Amino acid sequence: MSEADPAFTVGSLECRVVPDGVALYEKETLYADVPPEELEPSVRALLNDQGYVPLPYHPLLMRMADGLALVDAGAGPALAKEWGDPIGRLREALRAAGVEPEDVGLVLLSHAHPDHVGGLTLEDGGGRRPVFPNARHVISRTELEYWTSDRVPEVFARMASVARLHLPPLERAGILDLIEGEQDLAPGIRVIPAPGHTPGHLAVSLSSGPDTAIFVADAVLGETNFEHPDWSSTHEVDRAGAVETRRRLLDRAASGRSTVVGYHLWAPGLVERRGHRYRWNPAG
Ligand SMILES: [Zn+2]
């Protein structure tokens, strides 16, 4: 898989994928509890030489009338070092698009998993400083409360520690807004609760004139999920809820002929409903 053309438009909204990199996942954790004889042929074409599924990390940059908005912040340099994957490269991708972190006015966080929030702050003299100091950061209240609560199971403890490292400094700096329910963040940019993957997971609906798009964030974990929408991952907090949300968002995109954009999809595209499955038509 290679990176597609990063730029696309939704009406007058200029959008650009700003790649943070690519990480490798075990197929059995990405699509858990699927019998091997069913899993193997479905993912075979996607596997790298070592048998892993490469997934892109694709934050989305949008140029609005009154400034720049970024959806999700990549994994950050510390996790890139820890995991050994070629990730944490958002800053270079932004620079290639002619954007410095200081230029971003809005950072919308789909959820608080490490690959989405690890790039929010950097260590600085024993404390942490925001990477996007001039941005209003937005996350679901449910999401922040969950990851900072004692309800997080042990299996997700490492994920919680990353959320707890990056989000409180933004809160202390007074640049983190907690939102509830469906709402407009800017003209043509509306957040939609999309729980399951995590409790406060958000999708983003984009519209301009007759054109629409949906950033599904992690409601779709790789292209395999179109053909197999009922497959869920061990990374998901509520696996049944994740499947329900995936179907709801893809049905909405299919019926509205909305462009689908995903954090872990290689390219934007259009989706069609085919019985209980979906057919994926990537752009380009
Ligand atoms: Zn993710």
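Model, not experiment: these values are computed from the prediction.

**Q** Is there a simple way to explain the packing of aromatic side chains in this structure?
**A** Note on aromatic pairs: each is described by the distance of the centres and the angle between the planes. This structure, assessed with the given rule, holds 5 aromatic pairs. Summarising the aromatic geometry, the rings of Tyr31 and Trp231 are spaced 5.8 Å apart at their centres and angled 50 degrees between planes, so their arrangement reads as tilted. A residue pair is termed long-range when its members are at least 10 positions apart, and Tyr31 in the loop between helix 1 (27-30) and helix 2 (36-43) and Trp231 in the loop between helix 8 (224-227) and helix 9 (239-256) qualify at 200 residues. The burial state of Tyr31 is the same as that of Trp231; both residues are buried. Taken together, a centroid distance of 4.3 Å and an interplanar angle of 5 degrees make the contact between Phe226 and Trp280 stacked. Here Phe226, found in helix 8, pairs with Trp280, found in strand 18 (residues 277-282); they are 54 residues apart in sequence, far enough to count as distant. Here Phe226 matches Trp280 in class, with each residue buried. Ring pairing ties together the aromatic residues Tyr146, Trp147 and Phe156, which thus form one cluster.

**Q** What am I meant to see in the coordination of the zinc ion here?
**A** Around a metal, the idealised angle for a tetrahedral arrangement of four donor atoms is 109.5 degrees; for an octahedral arrangement of six donor atoms it is 90 or 180 degrees. On the protein side, the zinc ion has Asp115 (OD), His116 (NE2), Asp218 (OD) and His264 (NE2) as donor atoms, found 2.0 to 2.2 Å from it. Coordination at the zinc ion is irregular, judged from the 4 donor atoms that bind it and the angles of 90 to 169 degrees they form at the metal. Read in sequence order, the donor residues for the zinc ion give the motif D-H-x101-D-x45-H. Taken as a pair, Asp115 in helix 5 (residues 114-117) and His264 in the loop between strand 16 (259-262) and strand 17 (269-274) lie far apart in primary sequence, 149 residues in all.

**Q** Looking at this structure, I do not really get the pairing of strand 3 (residues 21-25). What am I missing?
**A** Within a regular beta strand, the side chains point alternately toward one face of the sheet and then the other, so they alternate between its two faces. Within strand 3, 4 of the 5 residues are buried, which leaves the element mostly enclosed by the surrounding structure. When strand 3 meets strand 4 (residues 53-57), the two strands line up antiparallel, connected through 5 bridges. Considered in strand 4, the bridge of Val22 is made with Pro56.

**Q** Honestly, unusual backbone geometry in this entry has me stumped. Any pointers?
**A** A negative phi holds for most residues other than glycine; trans holds for most peptide bonds. Non-glycine residue Asp33 carries a positive phi angle of around 60 degrees. Among the structural elements, Asp33 can be located in the loop between helix 1 and helix 2. Phi is positive for Ala217, close to 50 degrees, though the residue is something other than glycine.

Definitions and cut-offs
- Residues numbered from 1 in each chain as written.
- Predicted model: local features only at pLDDT ≥ 70, side-chain atom pairs only at ≥ 80, totals over all residues.
- Heavy atoms only, no water.
- Phe/Tyr/Trp six-rings, centres within 6.5 Å; stacked < 30°, edge-to-face > 60°.
- Helix = DSSP H or I, 4+ residues; strand = E, 2+ residues; numbered from the N terminus.
- Buried < 20%, exposed > 50% of the residue type's maximum accessible area, 1.4 Å probe, protein only.
- Donors = N, O, S within 2.8 Å, 3.2 Å for Na, K, Ca; no water.
- Tetrahedral: all angles 85-135°; square planar, octahedral: opposite > 155°, others 65-115°.
- Pairing = 2+ DSSP bridges.

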